[in-house]
Amino acid sequence: QVQLVESGGGLVQAGGSLKLSCAASRSILSFAYMAWYRQAPGKQRDFVTRITSSGMANYADSVKGRFTISRDNAKNTVYLEMNRLKPDDTAVYYCKTWDSGHDMWGQGTQVTVSS
């Protein structure tokens, strides 16, 4: 099964930007979609955005207009560009796909937005 590795998290001030990466262990063209979720302390894991194999994207209302998902099929990598970050965006961000009947998750990368 595919392995997913996130990177790019860190500490940023409110209003700043970060770009996360999710590298897959094999071609992401084999997956119907790639997605990002996030989980804040003490809260459930929530959907952020996803992109299909054809490049169609959708976003949670809370990030629409600020976050952009993209994919580089040649690098087997999906990106999440986050702009105008807010303290409420603080969370562990996870990459997710669906492979051979299973949800596959990365280990997550921490994003902390200071006010």
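Everything numeric in this text was worked out from a predicted model, so none of it was measured.

Draft legend 1. Looking closely at the environment of P87. Tracing the backbone through its elements, the reader meets P87 in the loop between strand 8 (77-82) and strand 9 (91-99). As a C-alpha pair, P87 and F31 span 56 residues in sequence and 32 Å in three-dimensional space. Leaving out residues up to four positions away in the same chain, P87 has contacts with A14, V113 and S115.

Draft legend 2. Fine view of the pairing of strand 8. When you tally the buried positions in strand 8, you get 5 out of 6 residues, the bulk of the element. Direction of pairing for strand 7 (residues 67-72) relative to strand 8: antiparallel, over a ladder of 6 bridges. From the neighbouring strand, I69 faces strand 8, where its bridge partner is L80. A loop of 4 residues connects strand 7 with strand 8, the two strands running antiparallel in sequence, and N76 in this loop sits at a positive phi of about 55 degrees.

Draft legend 3. Highlighting the pattern of salt bridges. In the structure shown here, the tally under the stated rule is 5 salt bridges. The shortest N-O distance in the salt bridge between R38 and D89 comes to 2.9 Å. Note that R38 is positioned in strand 4 (residues 33-39) and D89 in the loop between strand 8 and strand 9, a separation of 51 residues in sequence. The exposure class assigned to R38 is buried, which follows from its relative accessible area of 13%. Take D89: its relative accessible area is 1%, and that puts it in the buried class. The network of salt bridges with shared partners includes R38, R66 and D89.

Reading the values: rules and limits
- Residues numbered from 1 in each chain as written.
- Predicted model: local features only at pLDDT ≥ 70, side-chain atom pairs only at ≥ 80, totals over all residues.
- Heavy atoms only, no water.
- Helix = DSSP H or I, 4+ residues; strand = E, 2+ residues; numbered from the N terminus.
- Contact = heavy atoms within 4.5 Å.
- Buried < 20%, exposed > 50% of the residue type's maximum accessible area, 1.4 Å probe, protein only.
- Pairing = 2+ DSSP bridges.
- Salt bridge = Lys/Arg side-chain N within 4 Å of Asp/Glu carboxyl O.

Keep in mind these values describe shape, not function.
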